Amino acid sequence: MTEEIIVSFDQVEKKYEKETVLKTISFDLEKGKFYTLLGPSGCGKSTILNLIAGFASPSSGTVSILGKDTRDTPPNKRKINTVFQDYALFPHLNVFDNVAFGLKMKKMNKEKIKSKVTETLKLVRLEGFENRDIAEMSGGQKQRVAIARALVNEPDLLLLDEPLSALDLKLRTEMQYELRDLQQRLGITFLFVTHDQEEALAMSDEIMVMKEGRIVQTGTPNAVYDEPINRYVADFIGESNIVRGRMVRDYAVSFAGKTFTCVDGGMQPDEQVDVVIRPEDLVLTEAEAGDIQIFVQTQLFRGVHYEIMGQDDAGNDWMVHSTRQSEPGRRVGLTFDPQDIHIMRINETEEAFDERIEQFATAAYEKTSKGGAGQDD
Amino acid sequence: MKQKQKWATVYLVLVFILLYTPIFYLIFYSFNEAGTMNQFSGFTLNHYSALAEDARLLIIALDTVRIALLSALIATVIGTAGAIGIYYTRQRRAQNVLLSLNNILLVSPDVIIGASFLLLFTLVGFQLGFYSVLLAHIAFSIPIVVLMVLPKLEDMNANMITAARDLGASPIQVLTSVILPSITPGILAGYFMAFTFSIDDFAVTFFVTGGGFATLSVEIYSRARQGVSLEINALSTLLFLVAVSLVSGYYFIQQQQRNRKKLSQLDPTVHEKAVTP
Ligand SMILES: Nc1ncnc2c1ncn2[C@@H]1O[C@H](COP(=O)(O)OP(=O)(O)OP(=O)(O)O)[C@@H](O)[C@H]1O
Ligand SMILES: [Mg+2]
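Caption draft 1: Here's a closer look at the interface of chain B and chain A. Counting residues at the interface gives 24 residues for chain B, matched by 28 residues for chain A. Together, the buried faces of chain B and chain A total about 2,300 Å²; carbon and sulfur atoms form 59% of this surface. When the buried area of chain B at its contact with chain A is split by residue, Arg165, Asp166 and Leu167 of chain B rank highest and sum to 29% of it. Counting the contacts that link chain B with chain A gives zero salt bridges. Joining chain B to chain A, the criterion identifies six residue pairs in polar contact (both at pLDDT 80 or more). Listing elements by their share of the side of chain B that touches chain A, those giving two or more residues are helix H7 (158–166), helix H8 (171–200) and helix H12 (268–275) of chain B. Ranked by residue count, the leading element in the side of chain B that touches chain A is H7 of chain B, at seven residues. In the side of chain B that touches chain A, the residues fall into nine nonpolar, 12 polar and three charged.

Caption draft 2: View of a negative patch on the surface. Residues and elements named next belong to chain A. A grouping of Glu198, Asp226, Glu239 and Glu280 is seen on the molecular surface, where their side chains present a negatively charged patch. On the secondary structure map, Glu280 appears in the loop between strand E14 (272–277) and strand E15 (283–285). Given the relative accessible area of 38%, Glu280 is considered partly exposed.

Caption draft 3: Region of interest: the packing of helix H2 (residues 95–105) of chain A against helix H3 (residues 110–123) of chain A. Residue and element names in this part refer to chain A. For the pair H2 and H3, the least separation of the axes is 10 Å and the interaxial angle reads 125 degrees. Here H3 runs oblique to H2, going by the angle between their axes. Note that H2 runs across H3; the crossing there is right-handed. Facing Val95, Phe96, Val99, Ala100, Leu103 and Lys104 of H2, the residues of H3 in contact are Ile113, Lys114, Lys116, Val117 and Leu121.

Conventions adopted
- Residues numbered from 1 in each chain as written.
- Chains lettered and ligands numbered in written order.
- Predicted model: local features only at pLDDT ≥ 70, side-chain atom pairs only at ≥ 80, totals over all residues.
- Heavy atoms only, no water.
- Contact = heavy atoms within 4.5 Å.
- Buried area = accessible area lost by both parts, 1.4 Å probe.
- Salt bridge = Lys/Arg side-chain N within 4 Å of Asp/Glu carboxyl O.
- Polar contact = N/O pair within 3.5 Å; in protein donor to acceptor, adjacent residues only side chain to side chain.
- Helix = DSSP H or I, 4+ residues; strand = E, 2+ residues; numbered from the N terminus.
- Nonpolar A, V, L, I, M, F, W, Y, C, P; charged D, E, K, R; others polar.
- Patch = residues over 30% accessible without salt bridge, like charges linked within 9 Å, V, L, I, M, F, W, Y side chains within 5 Å.
- Areas by Shrake-Rupley, 256 points an atom, 1.4 Å probe, with all protein chains shown as cover.
- Lys, Arg positive; Asp, Glu negative; His and termini not counted.
- Charge placed at Lys NZ, Arg CZ, Asp CG, Glu CD.
- Buried < 20%, exposed > 50% of the residue type's maximum accessible area, 1.4 Å probe, protein only.
- Axes fitted to C-alpha atoms, helices over the stretch in contact; angles between N-to-C directions.
- Parallel < 35°, antiparallel > 145°, perpendicular 65-115°, else oblique.
- Left-handed = near helix turned anticlockwise from the far one by under 90°.

This is how it looks when you write it as structure tokens:
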């Protein structure tokens, strides 16, 4: 069964005067999924949305919607709606008329508009606010009006450009749940833009990580978090320990002066690699019992856990998230499982990476999950 | 410090007295029983009733209003379109040039504008009269309208236009259902200013009027030259009252706008907390 493709980018490039903002972007968006574009400010996330919505056109390559090239389709003829970062509500209209705007433009009859708007306002939990002025709504409420205004048109795809960034933390978390819930109930495809990795991990079916006009990795939140393709992604998605290492052979990597069993392979023997271990995968033990030993430098209480920073004998910095506390100046051991070690080749393309992961990670997982973790070199 | 403030107040009062004394002097004598402004001999409304019977003056008054209403209306339409045009001009330089051209028209002396219009009309053989005055008034009102409307356009959230197109609005629909409603206060203010300027104008009208057609300001001027008549005082008083009411009307509109703005700047969360359970 092939999924229906809503939007497809094929080798899309976008230039503004001299600056190339998007560089050969290709991806497909399948119907009914929640996609997230994740990347730092200025990497071209909004530009991608503009290309889909039709407010900009590609310098080269094609953007197709439902299989049709969109070159000559103006924004108002696309069944795609946007929720803007600053909401862009119409201050001269009340809540009802804001939501009804799209339907009125389509000259739908009054009764139908009324029932649809009422229904949609209910969906975003704003019933009874119909006659409010926009100026009288709070940030979170405005946000929901903006969502309702887009959703009422029953778009094939909803674009959301950092819609939660203006909200405070609590409201933002609440809206994350609501948006995710809404998307699953309605089955509409969402393309969500954010530079907040936690938000991306919490909400998405699929994350596209961007860097300077390129998509560097696409995958489920788990895949992107557990198997980042390179240092950039590993760093951007959550905090991690990234140390230089050397691949001894398949399933064996050497770093911090020792060789460890891991679940990766497919590199050249003795190839230089980056080794990633997440701070929460490191377990604190007595110095002798540890796979590696670190000297604790600082410790911060972070609420749920302690954040412990230390250095090993080879001079690598390690960050540990632990529910147990230690104290600065002590020498402690760290243990970890082979699955917790993630190896990244330097300058690997996404295709090669995916292929290698496919080939090795799954097979290796079965093989090593019984065996022990560290072995001395 | 206090001393300084006191002097400032005194100065201000003096200036206002200086400015308003002639007007009140004029108004005062419009009720004078004697036909001159030398001596007040008793209260009368005779000059006003004479005014009411002066058919020619009545026609001129009506013409003046007609010119003002019509020229302000047309200037508002053209000026608003012009402002939108300038707003949409992508290139900064072209935008600045257009704006400068607009402002030069605004600050150039009426005499020059009047004289150049006269030149133009005689050159193309346009008959001086109602239409020549109307055209001239439209022309000098357009820059005023542009100046009132443009800031409103720039205040408008440009994303709103994007949002409207995103929601399926055609370019015409964007104009009628987003842009125009957003700049309505500016358009109204522009109309109002154009109207006042038209009523007010003497110099330009003086140049381009002819064929027996006159506006009140021109008529008052020519009558005043012929000699003192308290009818002119009465007429001026009425005009002064009209001006005062116009200004207070304008003030009222602005006040209302300001209140709305204040309302929108209030912390909305306070309200929300009170309303949502
Ligand atoms: N109309 C434009 N003309 C010229 N350059 C532009 C234009 N729009 C965007 N850019 C440039 O393109 C780059 C990407 O912009 P874009 O808005 O897509 O970034 P973004 O990823 O959405 O960033 P943010 O998270 O800050 O919103 C930026 O360097 C920006 O300066
Ligand atoms: Mg952006």
